[in-house]
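Coordinates in review
What follows is the residue order along each chain.
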Amino acid sequence: MAGRIPLYSSNRNLWSNVSNSIKNINAELGFKGNARSGGGNGNKSETANARILGHVYWQGTVDDKIQITVRKRDLSIQTLGGKEYTDGKFNFTAALPNSRVTVAVSTKKGRGNARVVQQPSKENDFTTVIEVSDSGGGAKEYELDIFWQ
């Protein structure tokens, strides 16, 4: 319904925020078409239809390239290129389980690319790795939603 509000409305920014909130709620509930896939097997409709089991929200600064490693409720950052920043914050809604799940990432803020480079499996002790590449000049703040289904 929020998407039906006319663009010429004087409260366009307010309605845009409402629409984004509805999309986030739908993604949390696993409704079709509202979860952006950044990893997994590439089947977007399958990813969008799967129920989201948990999230970790990460906010931090990236200069060139980093890897984010997630296992259970632990998150660590490894700087692969550029200046190292230690200002990152994260918050889990649930632990990454010790079972096969599909992890995806959605960039909420930032100009570069975030992608899942390692899915959790028995062979890697159910650990996932996300790589963030920022090719723009200088450092940039990022906000990521890493979720598993």
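Here, the structure is the one placed above.
A brief report on the enclosed structure follows.

Thresholds, definitions, all that
- Residues numbered from 1 in each chain as written.
- Predicted model: local features only at pLDDT ≥ 70, side-chain atom pairs only at ≥ 80, totals over all residues.
- Heavy atoms only, no water.
- Helix = DSSP H or I, 4+ residues; strand = E, 2+ residues; numbered from the N terminus.
- Buried < 20%, exposed > 50% of the residue type's maximum accessible area, 1.4 Å probe, protein only.
- Contact = heavy atoms within 4.5 Å.
- Areas by Shrake-Rupley, 256 points an atom, 1.4 Å probe, with all protein chains shown as cover.
- Pairing = 2+ DSSP bridges.
- Axes fitted to C-alpha atoms, helices over the stretch in contact; angles between N-to-C directions.
- Phe/Tyr/Trp six-rings, centres within 6.5 Å; stacked < 30°, edge-to-face > 60°.

Helices and strands together make up the secondary structure of the protein, namely two helices and eight strands. Order of helices (α) and strands (β) in the protein, N terminus to C terminus: α-α-β-β-β-β-β-β-β-β. Burial analysis of the protein (149 residues in total) assigns 35% to the buried set. Taking the contacts inside the protein whose residues are at least 6 apart along the sequence as the reference set, 62% of them involve residues at least 24 apart. As displayed, the protein has an accessible area near 8800 Å², and 46% of this comes from carbon and sulfur atoms.

To continue, consider the sheet that holds strand E7 (residues 127-133). Ordered in space as E3-E2-E7-E6, the four strands form an open sheet in which the pairing is antiparallel. Edge positions in the open sheet fall to strand E3 (74-81) and strand E6 (113-118), since each of these has one partner strand only. Adjacent strand axes in the sheet meet at a mean angle of 25 degrees when their direction is disregarded. In this structure, E6 lies alongside E7, joined through five bridges in antiparallel fashion. Note on E7: the bridge partner recorded for Val116 is Ile130.

Under the definition given, this model contains two aromatic pairs. Seen from their ring centres, Phe92 and Trp148 are 6.4 Å apart, and the 50 degrees between their planes marks the pair as tilted. Placement of Phe92 in strand E4 (residues 89-92) and of Trp148 in strand E8 (residues 140-148) is noted, with a sequence separation of 56 residues between them. Pair check on accessibility: Phe92 and Trp148 agree, each one buried. Ring pairing ties together the aromatic residues Phe90, Phe92 and Trp148, which thus form one cluster.

Strand order in this open sheet of four strands is E4-E1-E8-E5, and the pairing throughout is antiparallel. Unpaired on one side and paired on the other, E4 and strand E5 (103-109) mark the two borders of the sheet. The average undirected angle you get between the axes of adjacent strands in this sheet is 15 degrees. Across six bridges, the pairing between E5 and E8 is antiparallel. Along E8, the bridge assignment pairs Val103 with Trp148.

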